[in-house]
Amino acid sequence: MKNKYAAHYWPNLKLATPVVLSQAGQMLVNVADTVMVGRVGTIPLAAASFANSIFINVLVLGMGISFALTPLVGKAFGARDKKECAYWFQQGIFANLIIGVLLTLVAGAIVWAMPYMGQEDGVAEAAIPYYLLLIASIIPLQLFNSYKQFAEGLSNTRIAMFITIGGNVLNVFLNYVFIYGHFGAPALGLVGAGIGTLVSRIVMALVFVWLSYQIRLFKDYRGFYVTRFSTSAFVRIWRLGLPIGLQSVIEVFAFSLGSIMMGWLNAVSLAAHQIVLSMASVTYMMSSGLASATTIKVSILRGRKEYAALKDSAFASLHLVILFMTAMSVLFLLLRYWLPSLFVDEQEVINVAASLMLVAGLFQISDGIQVVALGILRGLEDVVMPVIGAGVAFLLIALPTAYLSTFTLDIGPMGIWIGYLSGLVSAGSFLLWRFRMLYRKKYA
């Protein structure tokens, strides 16, 4: 029994590592902003938390829709159909740019509601200019995601990793220049962080486009490109990608409402919440990288009709994520005071963050299981039931638990994170059950 899983551990890990670094890198943009803005003051840090808690919903919806390319390209790649791979790549670019424009318009409309979301004085006012710069990065990010998901569908996960690492280095440098005012630039604080994020995402997209004309990976498919937009292809991507995006949005929406509720307490709680959420987001995105690699493997094995290997590969990824998230849980618990001190100097914020780290440590394993199970189901193109499961877990279980724990039982900031814990345990249990049931029904 061990041997059949062991045969998949290293291949899955090898495929996942670049994806882990790439996707964690995208979240590290927000972490870098949080760390560097935290040195400016509590209000800018709370404003960054407020803006990011809204924008992250748009970000993950766009990313989720772009994820539709991976199983479509992966299945065609597994069947050795280059023409089909090229077709989905080009149609994916069309679809993601259209979706990027729509998301930009929707996100822009939210600006008008931000002053009325119950934040402390000065928080919304400081957040809006930063939020507008984040909105401007949506279209280049969707273009980057189109190239990234195509390359990953072909089992090449390294290109996006290198570009993302370079983008993060550029973002940190621009933050240093524009947040604090170096090399003759004005000290713009939180707005400077927004400038760094926007410029780095534009550069990442342009670099990927340029590389597509330089490397063999893309040249092998260029002879099959078409130039016409296909409505049917857009609908296929939309039908597959929208549930993926919605599932992600439901989870992030629950976390975002938690951020808004945290703001109802005070700016200190919101700042502490942003710190811990930033760290939990990194471990989540690293697990999500393994989930994306699992989607690639499952879709390719499905294209080859190697169903026994598909199951073994899926469970090998679950074993890996449990091991990783157990290690992260231990770190969160043991370093709960030291890690927040890397973000901010104010002891009151550190103390609140340390209490939240206790709960964050407890839900790491459940978080890892649910995200990898999602990756498995996406590789099987099973995307509707996970949306329903996410709705129940996060909207009907997590949010009510968070509100009751915080405001009715008067637990305080930790109550919101207890709600998160309940939602993640529920989601992980449901998605694991869904995979087992679906496999027995269709592939056993």
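As the structure is a prediction and not an experimental result, all values here were calculated from the model.

Calculation notes
- Residues numbered from 1 in each chain as written.
- Predicted model: local features only at pLDDT ≥ 70, side-chain atom pairs only at ≥ 80, totals over all residues.
- Heavy atoms only, no water.
- Helix = DSSP H or I, 4+ residues; strand = E, 2+ residues; numbered from the N terminus.
- Buried < 20%, exposed > 50% of the residue type's maximum accessible area, 1.4 Å probe, protein only.
- Lys, Arg positive; Asp, Glu negative; His and termini not counted.
- Salt bridge = Lys/Arg side-chain N within 4 Å of Asp/Glu carboxyl O.
- Contact = heavy atoms within 4.5 Å.
- Phe/Tyr/Trp six-rings, centres within 6.5 Å; stacked < 30°, edge-to-face > 60°.

**Focus on the side chain of Glu251**
For step 1, the next point in the chain: Take Glu251: it is sitting in helix 10 (residues 231-265).
For step 2, the next point in the chain: In this structure, Glu251 is buried with no salt-bridge partner, the nearest side chain bearing the opposite charge being Arg378 at 7.3 Å.
For step 3, the next point in the chain: If we skip the residues at most four places from it in the chain, Glu251 touches Tyr284, Asp367, Gln370, Phe394 and Leu424.

**Considering the pattern of salt bridges**
For step 1, the next point in the chain: The tally for this structure, following the rule as stated, stands at 4 salt bridges.
For step 2, the next point in the chain: For Glu152, the salt bridge goes to Lys148, with nearest N and O atoms at 3.1 Å. With Glu152 and Lys148 both in helix 6 (residues 138-153) and 4 residues apart, this pair spans about one turn of that helix.
For step 3, the next point in the chain: Classification of Glu152 by relative accessible area gives buried; the value is 1%.
For step 4, the next point in the chain: Through salt bridges with shared partners, a single ionic network connects Arg236, Arg302 and Glu381.

**Some words on the packing of aromatic side chains**
For step 1, the next point in the chain: Within the structure shown, the criterion is met by 24 aromatic pairs.
For step 2, the next point in the chain: Aromatic side chains Tyr87 and Trp88 sit 5.2 Å apart centroid to centroid with 70° between the ring planes, which places their arrangement in the edge-to-face category.
For step 3, the next point in the chain: Residue class for Tyr87 comes out partly exposed when judged on its relative accessible area of 24%.
For step 4, the next point in the chain: With relative accessibility at 5%, the residue Trp88 sits in the buried group.
For step 5, the next point in the chain: The interplanar angle of 45° and the centroid separation of 5.9 Å between the aromatic rings of Tyr147 and Phe218 together place this pair among those described as tilted. Here Phe218 lies in helix 9 (residues 216-222) and Tyr147 lies in helix 6, a separation of 71 residues in the sequence. The pair Tyr147 / Phe218 is uniform in exposure class, with both members buried.
For step 6, the next point in the chain: In this structure an aromatic cluster arises from ring pairing among Phe89, Phe144, Tyr147, Phe150, Phe208 and Phe218.

**Things to note about the environment of Ser288**
For step 1, the next point in the chain: One can find Ser288 in helix 11 (residues 267-304).
For step 2, the next point in the chain: When the C-alpha atoms of Ser288 and Arg436 are compared, they prove to be 20 Å apart, with 148 residues separating the residues in sequence.

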